[in-house]
Amino acid sequence: MKEIKAIISAYDKIKNTGTGAALATVVRVEGSSYRRTGARMLVMDDGVWIGGISGGCLEGDALKRARLAISKSESSLITYDTTEDDAYQIGVGLGCNGIIDVLFTPLNFQNQNNPVEILKSCVDGARQTNILITITGVEGKWPFVKAGDVIHYTGEQSLAVFEDEKLKDQLREKVSTQLDTSRSAMEQFELADGRKLSTFIEILPPEINLILMGHQYDVYPLARVAKEVGCRVTMVSNPLKVNSKFSDAIDIILGYDQFAELLIDQYTAIVLMSHDFKTDKMNLSQALQVGATYIGMLGPRVRSERIFKELANEGKVVSDETMNRIYAPAGLDIGASTPEEIALSIMAEIKTVFSKREGGFLKLRHAPIHERS
């Protein structure tokens, strides 16, 4: 989501300047690749770009492809194949052994349904999982759909542009499947008359909402790391004790008595780090009442167990299901000792939880590094 926000910001700055632009989107990856499907790159006709579709090896050629799309006012789907030893193939010799399809779409700033405007609706809207259907290729004449169009799927009305009922049924079924797996995928559909429609169905969850409960100095390294990886950061503490020097890393600052005002969903992580036993106990009691996926607590295990025991004695029993959401002590075992290292450890664990991974060594994985095992 951080990359998308950067693209939107750059887009807004050039919107009324006469600068031409195109959006490059990775819509299919087969094998290994530095970036995965959904990676984006906004390319301006003056050679400036924001975002990225690879580790830097494809961006130079992507600049040329984007400029060509701008000059033709026409989208194009380009395949980069690094599996073959072809001296004429961009990316050969990198050893990635992957095939990457990139869609280059020229942007019409007057069209409120261009891909970046659609992305705006995902960022500015409610905190929910967004579904985008990007048309990557069409056969025959389609009166309302062309390659490069993006449909923000929000229900039945979103499919009104497709006249074929069979196609609508296929799209609904595929969207449902991708939602269940939380994965994006490229899919081709065939109509009754034989025409084909190629699409990229993207599952785009909202940014992680990280709530830090405390005001001590070790809150700020975690806030900065979280901000760097694209989280929305809220600090809940005594506002009078907040160090304004680090306010640029924090989106919202609230008092403890305002916790109930927060919007907390399945994409929320809470970290208790007040370093005061009674305060953490009070904050945990509140955190247990909401649906945050991750609840982290600083301090040794014995301290957390004491808090659990006291809550149980007060009739606030922590169920096994809730205990599965509590990570105490918080963080992965990386040997962290400084506030900055601890911040890295905790943020890595939060990412692990939301990615549904184990947090182990990549060299021990048998499956490709970007795939869930």
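Definitions and limits used
Residues numbered from 1 in each chain as written. Predicted model: local features only at pLDDT ≥ 70, side-chain atom pairs only at ≥ 80, totals over all residues. Heavy atoms only, no water. Pairing = 2+ DSSP bridges. Helix = DSSP H or I, 4+ residues; strand = E, 2+ residues; numbered from the N terminus. Contact = heavy atoms within 4.5 Å. Axes fitted to C-alpha atoms, helices over the stretch in contact; angles between N-to-C directions. Expected span 1.5 Å × (residues − 1). Buried < 20%, exposed > 50% of the residue type's maximum accessible area, 1.4 Å probe, protein only. Arc of directions from axis to C-beta. pLDDT = per-residue confidence, 0-100. Core = buried A, V, L, I, M, F, W, Y, C linked by side-chain atoms within 4.5 Å. Salt bridge = Lys/Arg side-chain N within 4 Å of Asp/Glu carboxyl O.

**Student:** Sorry if this is basic, but what is going on with the sheet that holds strand E11 (residues 232-237) here?
**Tutor:** By way of backbone hydrogen bonds, the strands of a sheet pair with one another, either parallel or antiparallel. What the six strands build is an open sheet, ordered E12-E11-E10-E13-E14-E15; its pairing is parallel. Each end of this open sheet is capped by a strand with a single partner; those strands are strand E12 (252-255) and strand E15 (326-327). Pairing between strand E13 (residues 268-272) and strand E14 (residues 294-297): four bridges, direction parallel. Within the sheet, the bridge partner assigned to Ala269 lies in E14 and is Tyr294. Across the sheet, helix H6 (residues 277-287) is in contact with strand E10 (209-213), E13, E14 and E15; its angle to E13 comes to roughly 160°.

**Student:** What is the right way to read helix H1 (residues 2-14) from this model?
**Tutor:** Along an α-helix, residues three or four apart share an orientation, since each turn contains 3.6 residues. Relative to the 18 Å expected for 13 residues at 1.5 Å per residue, H1 spans 19 Å between its end C-alpha atoms, a close match to the ideal helical length. Among the residues of H1, Ile4, Ile7, Ile8, Ala10, Tyr11 and Ile14 are the ones counted as buried. Taken down its axis, H1 places every buried residue within 165° of arc, on the same side.

**Student:** I tried to follow the confidence of the model for the chain on my own but got confused; where do I start?
**Tutor:** Note that predicted coordinates carrying low pLDDT should not be read in detail. Confidence along the chain averages 86 in pLDDT terms, with 92% of residues attaining 70 or more. Ignoring residues within four places in sequence, the model shows residues 91-95, a span with pLDDT below 50, making seven contacts including any to other chains.

**Student:** When you look at helix H2 (residues 59-72) in this model, what are you seeing that I'm missing?
**Tutor:** Over its 14 residues, H2 extends 20 Å from the first C-alpha to the last, a length consistent with the 20 Å expected when each residue adds 1.5 Å. Considered for burial, the residues of H2 that qualify are Glu59, Asp61, Ala62, Leu63, Ala66, Ala69 and Ile70. In the stretch just after H2, Ser73 is the one whose phi turns positive, near 55°.

**Student:** Sorry, what's going on with the nonpolar core here?
**Tutor:** Formed by 26 residues in total, the largest nonpolar core has its most connected members in Leu210, Leu212, Leu222, Val271, Tyr294, Ile346 and Ile350. It is helix H9 (residues 339-355) that provides the largest number of residues to this core, a total of six residues. Contact partners of Leu210, with chain neighbours within four places excluded, come to Leu222, Ala226, Cys231, Arg232, Val233, Thr234, Ala269, Val271 and Ile350. Formed by 22 residues, the second largest nonpolar core is a distinct cluster that contains Ile270, Leu272, Ala292 and Val318.

**Student:** It is not clear to me how the pattern of salt bridges should be interpreted in this structure. Could you clarify?
**Tutor:** Pairs can form between side chains of opposite charge once their charged atoms are near each other. Tallied over the entire structure, the rule returns 22 salt bridges. Via salt bridges that share partners, Lys281, Arg306, Glu310, Glu314 and Lys316 belong to a single interconnected network.

**Student:** Please clarify how the environment of Tyr327 should be interpreted in this entry.
**Tutor:** Assignment of secondary structure puts Tyr327 in strand E15. Separated by 51 residues in the primary sequence, Tyr327 and Asp276 have C-alpha atoms spaced 18 Å apart. In this view, Tyr327 contacts Tyr294, Ile295, Gly296, Met297, Glu349 and Val353; residues no more than four positions away in its chain are not counted.

**Student:** Would you explain the sheet that holds strand E8 (residues 185-190) in this entry?
**Tutor:** The strand order across the open sheet formed by four strands is E7-E6-E9-E8, and the pairing between neighbours is antiparallel. Edge positions in the sheet fall to strand E7 (150-153) and E8, since each has one partner strand and no second. When the angles between neighbouring strand axes are averaged without regard to direction, this sheet yields 30°. Across four bridges, the pairing between strand E6 (residues 130-138) and E7 is antiparallel.

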